[in-house]
Amino acid sequence: MFNQSAVRVRAGEKTDRGGNKIPDWSPGAVNRLTVTGLNIQPNNQSETGDEQRNAVVTGYRVQSAEGTSPDIKATDRIDWRGHLYEVDGEVAAWPELFTDTIHHIEFVMVRATG
C-alpha cells in the first residue's frame, strides 16, 4: 500500500530589489528529495470553463507509511509522474497513540492546468 515515491521540491532563497528574502524556484536553487513509502490516491477533480479557457484542478491525498515523517512543508512542491504539484494546506502529522511520536503524515497536493 505504501509502494509509491515522489520528489519533494523546496525553493531556495534569493533577495529581491527591496532587500526582502523571497522563494527562488529556479532549477539551480531548489532542493530535491526523493520520498519513498507513500500512498498517493485521487482526492478531487474539478473543471471550469469560459470563453477564454478551460481550467482543470486535480488533487491527490498523500499518506506516508506508519512510523515515517518525511520532510514536507506546506510551501513545498511535489514532482510526481512527470507533473509538478503544490502542497495544498498544511501537512498533518498524526501522532502515535499514547506517545509524542509521529505515526504518519498526510497532505493534499493539487495541480491546476488550463
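Presented here is an overview of the structure given in this document. Counting from 1, residues in each chain are numbered in the order their sequence is written. With pLDDT at 70 or above as the cut-off, local features in this predicted model cover only qualifying residues; side-chain atom pairs require 80 or more to be listed or tallied, and sums for whole chains, interfaces and linings still use all residues. With hydrogens and water set aside, each side-chain value is computed from the structure's full complement of heavy atoms.

## So, the overall build of the protein
When you go through the protein residue by residue, the secondary structure sums to zero helices and eight strands. Counting helices and strands in the order they occur from the N terminus, the protein gives β-β-β-β-β-β-β-β. By principal-axis analysis of the C-alpha atoms, the protein measures approximately 50 × 40 × 25 Å. Throughout, exposure labels follow a simple rule: accessible area from a 1.4 Å probe, protein chains only, divided by the maximum for the residue type, with under 20% read as buried, over 50% as exposed, and the rest as partly exposed. For the protein, buried positions account for 31% of its 114 residues. A fraction of 55% describes how many contacts in the protein between residues 6 or more apart in sequence connect residues 24 or more apart. Exposure was quantified through the Shrake-Rupley algorithm and a 1.4 Å probe, taking into account, for residues, occlusion by the shown protein chains and nothing else. Of the roughly 7,600 Å² of accessible surface on the protein, a fraction of 47% belongs to carbon and sulfur atoms. We count Lys and Arg on the positive side and Asp and Glu on the negative side, and we leave His and both chain ends out. Charged groups are reduced to one reference atom each: NZ for lysine, CZ for arginine, CG for aspartic acid, CD for glutamic acid. Once the 12 positive and 16 negative side-chain charges of the protein are each reduced to a mean point, those two points are 7 Å apart. Starting at the N terminus, helices and strands are each numbered in turn, a helix being any DSSP run of H or I of at least four residues and a strand any DSSP run of E of at least two. Contact definition: two residues touch when any of their heavy atoms are within 4.5 Å.

## Thoughts on the side chain of glutamine 4
Among the structural elements, glutamine 4 can be located in strand S1 (residues 4-10). Classification of glutamine 4 as buried rests on a relative accessible area of 17%. Discounting chain neighbours no more than four positions away, the residues touching glutamine 4 are Val35, Thr36, Gly37, Leu38, Asn39, Ile40, Trp80 and Arg81.

## As for unusual backbone geometry
Although it is not a glycine, arginine 81 adopts a positive phi angle of roughly 55°. Structurally, the position occupied by arginine 81 is in the loop between strand S6 (77-80) and strand S7 (83-95). Look at phenylalanine 98: it is not a glycine, yet its phi comes out positive at around 70°. By the element assignment, phenylalanine 98 lies in the loop between S7 and strand S8 (102-113). Phenylalanine 98 gets classed as exposed once you look at its relative accessible area, which sits at 83%.

## Notes on the sheet that holds S1
Reading around the circumference, S1-S4-S5-S8-S7-S6 is the order of the six strands in this closed barrel, with antiparallel pairing throughout. Averaged over all pairs of adjacent strands, the angle between strand axes in this sheet comes to 45°, irrespective of strand direction. When S1 meets strand S4 (residues 31-49), the two strands line up antiparallel, connected through six bridges. Following the sheet pairing, valine 9 is matched in S4 by arginine 32. Strands are treated as partners if at least two bridges between them are detected by DSSP. To get an axis, fit a line to the C-alpha atoms, keeping to the stretch in contact for a helix; angles then go from 0 to 180 degrees between the N-to-C directions.

## Description of the pairing of S4
Here S4 runs beside strand S5 (residues 54-64); their pairing, made up of eleven bridges, is antiparallel. Across the sheet, residue leucine 38 finds its bridge partner in S5, namely serine 64.

## Here we look at the environment of glycine 18
Relative to the elements of secondary structure, glycine 18 occurs in the loop between strand S2 (12-15) and strand S3 (21-24). Residue class for glycine 18 comes out exposed when judged on its relative accessible area of 61%. For the pair glycine 18 and glutamine 45, spaced 27 residues apart in sequence, the C-alpha separation works out to 39 Å.

## Thoughts on the pattern of salt bridges
We define a salt bridge as a side-chain nitrogen of Lys or Arg found within 4 Å of a carboxyl oxygen belonging to Asp or Glu. Evaluated as defined, the whole model comprises six salt bridges. The partner of arginine 8 in a salt bridge is aspartate 71, and the shortest N-O contact between them spans 3.5 Å. Of this pair, arginine 8 sits in strand S1 while aspartate 71 sits in the loop between S5 and S6; the two residues are 63 residues apart in sequence, bridging distant segments of the chain. The class for arginine 8 is buried, based on a relative accessible area of 4%.

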